[in-house]
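Descriptive analysis of the structure
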Amino acid sequence: MRGSVTVAIDGPAGSGKSTLSRALATRLGLHRLDTGAMYRSVAWAVLQQGIDADDREAVAEVARDLDIEVDDRVVADGTDITEAIRGPEVSATVSAVAANPAVRAVMVERQRRWVDAHGGGVVEGRDIGSVVLPDADVKLFLTASPEVRAARRSEEGAEAVARRDRLDSTRTASPLEVPEGARVIDTGAQSVDQIVEEVVAWL
Ligand code: CDP
């Protein structure tokens, strides 16, 4: 069964998606895709080119033209931007970029192609269980208290994180929500190993 397993992980900022998706991918021998890194890459390119993040058509064009490789390192049009996409400028801009339906259409298509090419995988983001992989073998929605999430994103700051969550949850195009059939997990209440074993038992 291994080769074709798909795990969808969604949740707000600092809910523990990256930690859990890494651990699950290792445990299950699957590849992992961080879709947030793809939206961050588009935001990085928008800033780099001095484009207004609210200019929908210009931003969509950037998304369509940008070559993005997301693995251990994140490389966009040949530039390693692994560290740059975690900076405050990109974090402050990414939600506006991700609210653009044309950007989402391009990214969703690429994410589905990635899953096909890798024969399944652990995919994390905001719309994975709801839009990208509605038929995933297991769908997880991660939560944690605002205090725990803010502490995990202390470099970004609690206010900036709250703003990003608000924008992501209230946008019209694929807002962050608990997907139908998802299991909700409070990552502040159990260890990563415990959650991994619980998820493996659900498969
Ligand atoms: O890791 P963190 O929760 O801080 O954020 P991320 O997963 O890197 O995602 C950054 C931003 O990309 C989010 O705040 C969303 O605006 C956007 N995003 C999205 O709209 N859809 C996804 N599938 C993944 C990320």
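Here the residue numbering is sequential within each chain, running from 1 through the sequence in written order. Selection of residues for local features in this predicted model requires a pLDDT of at least 70, selection of side-chain atom pairs for listing and counting requires 80 or more, and totals for whole chains, interfaces and linings are taken over all residues. Remark: hydrogens and water are excluded; side-chain values derive from all non-hydrogen atoms of the structure.

**So, the overall build of the protein chain**
Strands here are runs of E lasting at least two residues and helices are runs of H or I lasting at least four, both read from the DSSP assignment and numbered beginning at the N terminus. Within the protein chain, the secondary structure is distributed over 9 helices and 8 strands. Since a compact globule built from 203 residues should have a radius of gyration of about 17 Å, the 16 Å found for the protein chain is in line with a globular shape. Dimensions along the principal axes, computed over C-alpha positions, put the protein chain at roughly 50 × 40 × 30 Å. Partly exposed residues are those whose accessible area sits between 20% and 50% of the maximum for their type, while under 20% is buried and over 50% is exposed, using a 1.4 Å probe and protein chains only. For the protein chain, buried positions account for 50% of its 203 residues. Taking the contacts inside the protein chain whose residues are at least 6 apart along the sequence as the reference set, 76% of them involve residues at least 24 apart. As a reference, a globule follows 2.2 Å times the number of residues to the power 0.38, and the radius of gyration itself is taken over C-alpha atoms. Contacts are residue-level and defined by heavy atoms, with any inter-residue pair within 4.5 Å sufficient.

**With respect to the sheet that holds strand S6 (residues 121-125)**
Two strands in a sheet stick together by hydrogen bonds in their backbones, pointing the same way (parallel) or opposite ways (antiparallel). On the basis of which strands lie adjacent, the open sheet formed by 5 strands has the order S2-S6-S1-S7-S8 and parallel pairing. If you trace the sheet from one side to the other, it starts and ends with strand S2 (32-34) and strand S8 (183-186), each paired once. The average undirected angle you get between the axes of adjacent strands in this sheet is 20°. Being paired, for any two strands, means DSSP has found at least two bridges between them. Taken together, the 4 bridges between strand S7 (residues 138-143) and S8 define a ladder with parallel strand orientation. Paired with Leu140 across the bridge in S8 is Arg183. All axes are obtained by fitting lines to C-alpha atoms, using only the stretch in contact for helices, and the reported angles, taken between N-to-C directions, cover 0 to 180 degrees.

**Details of the layout of surface pockets**
In this structure, the largest pocket spans a volume of roughly 730 Å³. In this analysis, the protein atoms alone were mapped onto a 1 Å grid. Cavities are point sets where a 1.4 Å probe fits without being able to get out; pockets are open sets with protein on both sides within 12 Å along at least five of seven lines; lining residues have an atom within 4 Å of a point. Forming the walls of the largest pocket are 39 residues, and the residues nearest its centre are Ser18, Asp34, Arg40, Arg86 and Arg153. Elements that contribute at least two residues to the lining of the largest pocket include exactly helix H1 (17-28), S2, helix H2 (35-48), helix H4 (88-98), S6 and helix H8 (158-170). Within the lining of the largest pocket, the residues separate by chemical class into 8 nonpolar, 12 polar and 19 charged. Grid points are joined across faces, edges and corners, and a volume is the space filled by probe spheres set on the points. Only Asp, Glu, Lys and Arg are considered charged in this grouping, and only Ala, Val, Leu, Ile, Met, Phe, Trp, Tyr, Cys and Pro are considered nonpolar; every other residue, Gly among them, is considered polar.

**A look at the side chain of Lys139**
Inspection of the secondary structure puts Lys139 in strand S7. One buried charged side chain, Lys139, makes no salt bridge at all; its nearest oppositely charged neighbour is Asp135, positioned 6.3 Å away. There is a polar contact of 3.0 Å between the side chain of Lys139 and the backbone oxygen of Glu180. Apart from the residues within four sequence positions on either side, Lys139 is in contact with Ala8, Gly129, Leu133, Pro134, Pro179, Glu180, Gly181, Ala182 and Arg183. Here Asp and Glu are counted as negative and Lys and Arg as positive; His is not counted, and neither are the chain ends. In what follows, salt bridge is the name for a side-chain nitrogen of Lys or Arg lying within 4 Å of a carboxyl oxygen of Asp or Glu. In protein, a polar contact means a hydrogen-donor-capable atom and an acceptor-capable atom, both N or O and within 3.5 Å, with residues adjacent in sequence counting only if both atoms are side-chain atoms; elsewhere, any N or O pair within 3.5 Å suffices.

**Brief notes about the sheet that holds strand S5 (residues 79-80)**
The strand order S3-S4-S5 describes an open sheet built from 3 strands, whose pairing is antiparallel. Unpaired on one side and paired on the other, strand S3 (68-70) and S5 mark the two borders of the sheet. Across 3 bridges, S3 lies against strand S4 (residues 74-76) in antiparallel orientation. Residue Ile68 lies in a different strand from S4, and its bridge partner there is Ala76. Its contacts with the sheet place H2 against S3, S4 and S5, and it is angled at close to 145° to S3.

**Focus on the nonpolar core**
What makes a nonpolar core is a set of buried Ala, Val, Leu, Ile, Met, Phe, Trp, Tyr and Cys residues whose side-chain atoms join them at distances within 4.5 Å. Of all hydrophobic cores here, the largest spans 36 residues; its most connected members are Val42, Val97 and Met107. At the level of secondary structure, the elements contributing two or more residues to this core comprise H2, helix H3 (56-65), S3, S4, H4, helix H5 (101-118) and helix H6 (128-132). Of the residues forming this core, the biggest block, 8 residues, is contributed by H2. Beyond its immediate stretch of four places on either side in the chain, Met107 contacts Met38, Tyr39, Val42, Ala63 and Ile68. Counting 17 residues, the second largest nonpolar core, distinct from the first, contains Val5, Ala25, Leu140 and Ile185.

**Some remarks on the side chain of Asn100**
You can see Asn100 is positioned in the loop between H4 and H5. Among all residues touching Asn100, those that are not within four sequence positions of it are Arg56, Val59 and Ala60.

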